[in-house]
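# Overview (structure and organization)
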Amino acid sequence: MTIKENKDVIFEELHKSLEAAGRNENSVTVIGVTKYADIDATKELIEAGIFHLGENRVDKFLAKYHALQDKELTWHFIGSVQRRKVKDFINQIDYFHALDSINLAKEIQKRAEKPIKCFLQLNVSGEESKHGFSPDELDDIIPQLEDLDKLQLVGLMTMAPLDANPETLHNIFKETNHIRQELQSQNRKNMPFTELSMGMSNDYPIAVQNGATFVRIGTSFFK
Ligand SMILES: *Cc1c(COP(=O)(O)O)cnc(C)c1O
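Keep in mind that this is a model prediction, so the values were computed, not measured.

## Observations regarding the overall build of the protein chain
The secondary structure content of the protein chain amounts to nine helices and eight strands. Taking 223 residues into account, the globule formula puts the C-alpha radius of gyration at 17 Å, and the protein chain, at 17 Å, falls close to it. Taking the principal axes of its C-alpha atoms as reference, the protein chain extends roughly 50 × 40 × 30 Å. Burial statistics for the protein chain: of 223 residues in total, 49% are counted as buried. Nonlocal contacts in the protein chain, meaning residues at least 24 apart in sequence, comprise 56% of its contacts between residues at least 6 apart. Looking at the protein chain as shown, the accessible area adds up to about 10,700 Å², and 44% of this sits on carbon and sulfur atoms. Separation between the mean location of the 27 positive side-chain charges and that of the 34 negative ones in the protein chain comes to 5 Å.

## What about the UniProt feature "modified residue: N6-(pyridoxal phosphate)lysine" (unreviewed entry) in the protein chain?
In the numbering adopted here, UniProt assigns the feature "modified residue: N6-(pyridoxal phosphate)lysine" (unreviewed entry) to K35. Among the secondary structure elements, K35 is positioned in the loop between β1 (29–33) and α2 (39–47). Residues in contact with K35, not counting those within four places in the same chain, are G54, E55, N56 and K60.

## A short note on the layout of surface pockets
Each pocket or cavity is described by its volume, and for the largest pocket that value is around 330 Å³. Looking at the lining of the largest pocket residue by residue, the class counts come to seven nonpolar, ten polar and three charged. Volume-wise, the second largest pocket comes out at about 200 Å³. Lining the second largest pocket are 13 residues, with F11, L14, E25, V28 and V30 positioned closest to its centre. Contributions of two or more residues to the lining of the second largest pocket are made by α1 (3–20) and β1. At four residues, α1 tops the list of elements feeding residues into the lining of the second largest pocket. For the lining of the second largest pocket, the per-class residue count stands at seven nonpolar, five polar and one charged.

## A short note on the UniProt feature "domain: Alanine racemase N-terminal" (unreviewed entry) in the protein chain
Look at the UniProt record and you will see "domain: Alanine racemase N-terminal" (unreviewed entry) annotated at residues 40–222. The span residues 40–222 carries 38% helix and 19% strand; its end-to-end C-alpha distance comes to 12 Å.

## Remarks on helix α3 (residues 58–67)
Buried within α3 we find V58, F61, K64 and Y65. Within α3, the buried residues cover an arc of 135° as seen down the axis, which keeps them to one side.

## Remarks on the site of the ligand
Around the ligand sit V33, K35, Y36, N56, I78, M159, M200, S201, R216, I217, G218 and T219, and that is every residue in its neighbourhood. Interatomic distance of 2.7 Å between a side-chain N/O atom of K35 and an oxygen atom of the ligand. Contacts to the ligand include Y36, whose side-chain N or O atom sits 2.9 Å from an oxygen atom. The protein chains hide 92% of the 390 Å² of surface that the ligand would expose on its own. When atoms are counted within 2 Å of each cavity's grid points, the one that captures over half of the ligand is the largest pocket. Grouping the amino acids of the shell around the ligand by side-chain chemistry returns six nonpolar, four polar and two charged.

Scoring rules and cut-offs
- Residues numbered from 1 in each chain as written.
- Predicted model: local features only at pLDDT ≥ 70, side-chain atom pairs only at ≥ 80, totals over all residues.
- Heavy atoms only, no water.
- Helix = DSSP H or I, 4+ residues; strand = E, 2+ residues; numbered from the N terminus.
- Rg over C-alpha atoms; globule rule 2.2 N^0.38 Å.
- Buried < 20%, exposed > 50% of the residue type's maximum accessible area, 1.4 Å probe, protein only.
- Contact = heavy atoms within 4.5 Å.
- Areas by Shrake-Rupley, 256 points an atom, 1.4 Å probe, with all protein chains shown as cover.
- Lys, Arg positive; Asp, Glu negative; His and termini not counted.
- Charge placed at Lys NZ, Arg CZ, Asp CG, Glu CD.
- UniProt positions renumbered as here; feature names shortened; annotations may be inferred.
- 1 Å grid on protein atoms, 1.4 Å probe; cavity = no way out; pocket = protein on both sides within 12 Å on 5 of 7 lines; lining within 4 Å.
- Points joined across faces, edges and corners; volume = space filled by probe spheres on them.
- Nonpolar A, V, L, I, M, F, W, Y, C, P; charged D, E, K, R; others polar.
- Arc of directions from axis to C-beta.
- Near = heavy atom within 4 Å.
- Polar contact = N/O pair within 3.5 Å; in protein donor to acceptor, adjacent residues only side chain to side chain.
- Sits in = over half its atoms within 2 Å of the grid points.

Quick look at the structure:
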């Protein structure tokens, strides 16, 4: 199938999930994850109407960022990253989805020239291979982030295990939304916590049913 045809299938599926959840049609933003795509395929994705793009590697992000300078794009950095690389990309992106340590937060504070919209990455499932804070660390972490005015904590990001069954997926996404609501209700400085970045090709319908406002989809566009 073409990228445009894949996009139509994805948006039809999204539409159904939003409807099932009683949610507004425009309440989810689709991030096209281009880590598997070359420049030409990425241009095709843009032509199909996807203007939010996500990359998880600094070098590949920069290559696309420069090649696509003439387009009106919103860039999301979605992968975990070493501290020393922050300065190479932080001022080129709009959203950072993988805030997983205090040291990384401090480096962003030091290097960012304007506030960056950040998602705290949460490891809800407890998988050791996954990055992110565990839910019970948050009471300690959140106050330490409050004075970092270059980080605007817009929400939580999570990744579910690839082999999780639907019930487990529902539980993980529901819990993430629950924690987000609790953080939002604290009304802290620079921490609106209105957004949820969750859902990938294999689980985005379930993520949307549980409140995702950004889904990160790669494979389903480029198969
Ligand atoms: C690759 C990646 C995605 C997209 O995954 P697909 O299964 O290809 O849709 C989403 N989020 C992150 C953090 C990724 O690294």
